[in-house]
Amino acid sequence: MRSSLVLPIIILFFACKSQTPVSVSLPEPMDLRTTVDQSKPKNIIFLIGDGMGLAQITLGMLANGDKTALEEYPVVGLHKSRSSDNLITDSAAAATAFSCGVRTYNGAIGVDADTLPVKTILEMAEDEGLATGLVATSTIVHATPASYAAHDPYRKNYEAIAKDFLDVDVDVLIGGGKKYFERREFDDENLLDSLRARGYIVQDFLTEISDLPLDTSANIAYFTADTDPLPVAQGRDYLLDATKYTLDYLKQKNDNGFFAMIEGSQIDWGGHANLQDYVISEYLEYDAVIAYAKEWAEQDGETLVVVTADHETGGLAIQPESTPDSLVTAFTSTYHTGVMIPVFAFGPGAENFAGIYDNTDIFTKMVKALNLDKVDSSIENE
Ligand code: MG
Ligand code: ZN
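Residues numbered from 1 in each chain as written. Chains lettered and ligands numbered in written order. Predicted model: local features only at pLDDT ≥ 70, side-chain atom pairs only at ≥ 80, totals over all residues. Heavy atoms only, no water.

K.L.:
Help me understand the coordination of the magnesium ion (ligand 1) in this model?
P.N.:
The magnesium ion (ligand 1) binds to the protein through D50 (OD), T144 (OG1) and E263 (OE); the donor distances cover 2.0 to 2.2 Å. Mapped onto the sequence, the donors of the magnesium ion (ligand 1) take the spacing D-x93-T-x118-E. Of the two residues, T144 sits in helix 6 (residues 143-149) while E263 sits in strand 7 (residues 258-264), which places them 119 residues apart along the sequence. Using a relative accessible area of 1% as the deciding quantity, one classes T144 as buried. (Donors = N, O, S within 2.8 Å, 3.2 Å for Na, K, Ca; no water. Helix = DSSP H or I, 4+ residues; strand = E, 2+ residues; numbered from the N terminus. Buried < 20%, exposed > 50% of the residue type's maximum accessible area, 1.4 Å probe, protein only.)

Here it is in structure tokens:
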């Protein structure tokens, strides 16, 4: 006890007594990084399993020897998913809740309940110089990815949505739907050329993702299919490679941090089709992405990973006659249902995702985490 007091007293004594002018060096210009709140991440990886409710997660886990990568995520919460016009949300309203923080109507892409465009977290991140990425196993103009880069009153206006991608400088785009850019019905424009003119390297499924250049002086648009990508069961296998590429690319792109949304799009399609094996195979592919993102973030140390779904699909139940070797399921719907949806988080700021909250709060929490809440959220008319 005494010795711990002696040293400060001696230092104080000499500090006071010292008459020698000491050359005082001005403090170094502060490195922004050292002033950043340690509880805040530099990067966010946002993982959306479309239609991935608790039953889908449980089914995938049981089919995987009772294991899921989600067990490695320390924080769990629940979100309430209703849309502005329906107790049961669709993927467009749900994605817009996540991307814009507004409760809007089913079918809305990046617009509010009055069809007015609302700035997305991805657009805010771009404005602040962060790198951004969108990866999906649907087309890139499908509701979930579209709601980060496009503003359209109706989700099926795929060609108009494709055009909106030209107004946002998304650094990495990976998904299907090449035809909506290349062979358009409503105008003769070739948006692949427009993307190239805006500094994109445009590639498609004829090139392996492993052969994509890690050239961060260009943006990347990689089309995995002309229309919808195949289900995993029919040979699609790009999502994990796309995730690895995207995270490495975005980290190298600049030093401002990044926002990436990576979607397991077809868990939902298995639910709509009421096909247990479709749900399981899509879930297992996504589970590998969930595992990889957490490992990547753990190594990085400055990355928050948030995993959730937009809604449950199919009203899936795991039936009492199930055994570990033979899972028996039932579906109560071919559409989405209204159960609350789990949220899993890992990394700096993960603790903010505990509890029960609205789906729109996921936007608010992510925007705060990236210090984007002071960004001008007004949107220029396009
Ligand atoms: Mg989707
Ligand atoms: Zn759906």
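From this point, things continue past the structure.
K.L.:
Would you explain the coordination of the zinc ion (ligand 2) in this entry?
P.N.:
Surrounding the zinc ion (ligand 2) are the protein donor atoms D268 (OD), D268 (OD), H272 (NE2) and H336 (NE2), at 2.1 to 2.3 Å. Taken together, the four donor atoms coordinating the zinc ion (ligand 2) and their angles of 58 to 155° define a geometry best described as irregular. Going along the chain, you hit the donors of the zinc ion (ligand 2) in the pattern D-x3-H-x63-H. Here D268 pairs with H272, and both are found in helix 11 (residues 267-272), just four residues apart, close to one helical turn. Residue classification places D268 among the buried positions, given a relative accessible area of 5%. You can call H272 partly exposed: its relative accessible area is 28%. (Tetrahedral: all angles 85-135°; square planar, octahedral: opposite > 155°, others 65-115°.)

K.L.:
I keep staring at the packing of aromatic side chains and nothing clicks. Help me out?
P.N.:
The way to describe two aromatic rings as a pair is by their centre distance and the angle between their planes. Tallied over the full model, the rule gives eight aromatic pairs. What links up through ring pairs into an aromatic cluster is the set F165, F181 and F223. The ring of Y238 carries the charged tip of R236 above its face, separated from the ring centre by 6.0 Å. (Phe/Tyr/Trp six-rings, centres within 6.5 Å; stacked < 30°, edge-to-face > 60°. Lys NZ or Arg CZ within 6 Å of the ring centre and 35° of its normal.)

K.L.:
What's the story with the environment of A150 in this structure? I'm lost.
P.N.:
Examined against the element boundaries, A150 turns out to sit in the loop between helix 6 and helix 7 (158-164). Of the residues examined, A150 reaches a relative accessible area of 0% and is grouped as buried. Each C-alpha atom of the pair A150 and I161 lies 5.6 Å from the other, and the pair is eleven residues apart in sequence. If we skip the residues at most four places from it in the chain, A150 touches I109, G110, I161 and D164. (Contact = heavy atoms within 4.5 Å.)

K.L.:
I'm lost on the pairing of strand 4 (residues 172-176) in this one. Help?
P.N.:
In regular strands, side chains alternate between the two faces of the sheet. Among the five residues in strand 4, five count as buried, and that is most of the element. Sheet analysis places strand 3 (residues 131-139) next to strand 4, joined by four bridges and oriented parallel. Note that in strand 4 the partner of L134 across the bridge is L173. Pairing of strand 4 with strand 6 (residues 219-223) involves four bridges; the strand directions are parallel. In the sheet register, V172 faces strand 6, and the bridge partner there is I220. (Pairing = 2+ DSSP bridges.)

Geometric descriptors of this kind do not, in isolation, establish any biological role.
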